[in-house]
Amino acid sequence: MRTFDIVIIGSGIAGGLLARQLRLACPDLGVLVLEAAEAMEDYKVGESTVEVAANYMVRRLNLGTYLYQHQLPKNGLRFFFDSQGKDLPLPRMSEIGSDHMPFHPSFQLERARLERDLVAMNRAAGAEVELGAKVVDVAIDGRGRHKVVYEQGGERREVACRWVCDASGRRHVLWRKLGVKVHKETRLNTAAAWGRYRGVAGLDAVADPAWRSRARYTSRHLSTNHFMYDGYWIWFIPLAGDLMSVGVVFDKDRIGEGSGAALTGPRTRADFERFLGAHRAARELLEGAELEDFQSYAHLPYHADRYFSTDRYAVTGEAGAFTDPFYSPGSDFIATANEFITQMILSDVAGDRAAFEEKVAAYDAYYRFKYDSTLRLYERMYPVFGSFELYRLKYLLDFNNYYNLVVWPFMADRVTDVGWIREELRFTDLVLRALSTMGEHFASLASDLRARGEYFAQNEGRFANGLNGVAQLETRLGPAIDERFRREQVDRAYGSVFAALVERRLGEQGLSDRAHVVSELKLPQVLVFRDITPERLSRLLQRVAERMTRELRDEFPDAGIERVELGAGGEVSVTGLDAGTAAHAAVLSRARALWDASAGSLAHVAL
């Protein structure tokens, strides 16, 4: 019987990248990869990467040159918003997107090609990769060597190993063998259908000069393009060569069968083409193109109760959990799991049992937290997606938090630091509560705007630069973490966005860029602001007025100021001084200046 240090089940993107990382991290390790497919030709969804996965592939796996030579650079995320009748031409749709390539790279992957190339790379690096090798049994021995049985070429074969890592995707080979339950997620009821089209001219073929200059002629084609609707979204992702990945992800509670919606979610190839054809922009982009293949998932999100074990087994990628393809988090999950697995294995083979057990416990808890926090980004959000006005604010918050709380620690190698993870896990409840609270506010405002007939009010002719929320992080991201700055950014993001929600909900124009208002809305204050009502706003303004009173008394100690009062429509008054006097005029002028001071709110920043 042959013996290896690690057996990886699956040579898709998760298993292929893990094998490469292990060989780079410790070339003495014996790695066997068992892939059920005879050839790496299967078309797989999940082509779009974002910044964590890109950093992992470039910095940790040294794949930068390969990615630029054989895959496509990505021009960030881009979002388009349509009329209620789904009949706007593309140049008239409101848009969120960058006007230049983002400062941190990411890529669009033709998965089959990447996975074929990883097989060759891993073999050249000394890993054994067996194709057509279907794993039929796994026996875990926590005190000795595991046994893995596979069938290949009509023969049954068995190998022994110290570690088993499952990268088999939705087949969940290891969990099925061990009887570990994979839970169908009920908090998010989404499904997807997708295919690849050949002969799509692409977004850069649209000749409208005003539309092209609006984004400074940057390539929209290279973006992950989202067409946003109430209850669903459509993606257009370019692939190397003459292929375009096009898909639909939909909330089955809003447009699925039985929802009463005019459009039902596509489940078949014919339904898929009809669904896309009901949207003018998608229909015009696909004119003359040929649908090459089609796939679908009836339900997207799921999770397990654990991911890593001190009995020396682990899962990565979709073998463990999946949330939703919006924001393309799948490859980020792979990068995080692979980093964890590599560190656990290195501690184990070094014989450091204490460090190994510490890492397993910390990494498993953090990965479960990562799943839950990511899921809450999407929970209740599909009814928000179709409104430019609402989603612009949602994206500002999410993008800032992603760069600040996820990308930065990964780039600084904190994500595998057990001490750092333990500190982060202290705030689990706070983070999850913040995500849920903001989700409730967004969903409530979406329902309110829909009832007012204003949900689609800003969906035509507007452009928001998608880099607004992270420009201040451009020179910060790197190996050194500034925890104070990170906390300030969290408060700034939540305060800016929440103040804008309050302004829109209650019609208080100008409220969301007042420095004294936004500074009172740090994250803890946002969390106790459960309902956006006039009474709640009145109490907030009372706190602002009390603070302004103290500041004015410090500035004018002899003026006899009693209090500042803030009225409807931004009215400011000061009591305790005789009206009409020079002292009253000076204090009142200063009070108005304080009230009008800009917060530099992210909701108002323009690039």
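To be clear, the structure that these remarks concern was listed above.
Reading guide: rules and limits
- Residues numbered from 1 in each chain as written.
- Predicted model: local features only at pLDDT ≥ 70, side-chain atom pairs only at ≥ 80, totals over all residues.
- Heavy atoms only, no water.
- Pairing = 2+ DSSP bridges.
- Helix = DSSP H or I, 4+ residues; strand = E, 2+ residues; numbered from the N terminus.
- Axes fitted to C-alpha atoms, helices over the stretch in contact; angles between N-to-C directions.
- Contact = heavy atoms within 4.5 Å.
- Salt bridge = Lys/Arg side-chain N within 4 Å of Asp/Glu carboxyl O.
- Buried < 20%, exposed > 50% of the residue type's maximum accessible area, 1.4 Å probe, protein only.
- Expected span 1.5 Å × (residues − 1).

### Topic: the sheet that holds strand E12 (residues 190–198)
- What the 8 strands build is an open sheet, ordered E16-E12-E15-E14-E13-E4-E5-E20; its pairing is mixed. With partners counted over all chains shown, the strands left at the sheet margins are strand E16 (290–297) and strand E20 (463–465), one partner each. On average, each strand axis in the sheet is tilted by 15 degrees relative to the strand beside it, whichever way the strands run.
- Across the sheet, helix H8 (residues 269–277) is in contact with E12, strand E14 (232–239), strand E15 (243–251) and E16; its angle to E16 comes to roughly 110 degrees.
- Along the sheet, helix H12 (residues 388–411) contacts strand E4 (77–81), strand E5 (94–97), strand E13 (224–229) and E20; its crossing angle with E5, the most-contacted strand, is approximately 5 degrees.

### A closer look at the pattern of salt bridges
- Tallying each qualifying case throughout the model produces 51 salt bridges.
- The closest approach of N and O atoms between Glu 115 and Arg 111, which form a salt bridge, is 3.0 Å. Placement of the pair is Glu 115 and Arg 111 together in helix H4 (residues 111–124), with a separation of 4 residues, close to one helical turn. Here Glu 115 and Arg 111 have matching classes, each one buried.

### Re unusual backbone geometry
- Phi is positive for Arg 216, close to 55 degrees, though the residue is something other than glycine.
- Note on placement: Arg 216 falls in the loop between helix H6 (209–214) and E13.
- Relative accessible area serves as the criterion here: at 53%, Arg 216 is assigned to the exposed category.
- Phi at Arg 380 takes a positive value of approximately 70 degrees, unusual for a residue other than glycine.
- Residue position: Arg 380 is located in the loop between helix H11 (353–378) and H12.

### Points about helix H14 (residues 428–452)
- For H14, spanning 25 residues, the distance from its first C-alpha to its last is 36 Å, which sits close to the expected 36 Å at 1.5 Å a residue.
- Just downstream of H14, Gly 453 is the residue with a positive phi angle, here 75 degrees.

### Topic: the environment of Ala 337
- In this structure, Ala 337 sits in helix H10 (residues 330–349).
- With a relative accessible area of 0%, Ala 337 lands in the buried category.
- Placed 60 residues apart in sequence, Ala 337 and Leu 397 show a C-alpha to C-alpha distance of 25 Å.
- Setting aside residues no more than four positions away along its own chain, Ala 337 makes contact with Phe 308, Val 315, Thr 316 and Tyr 367.

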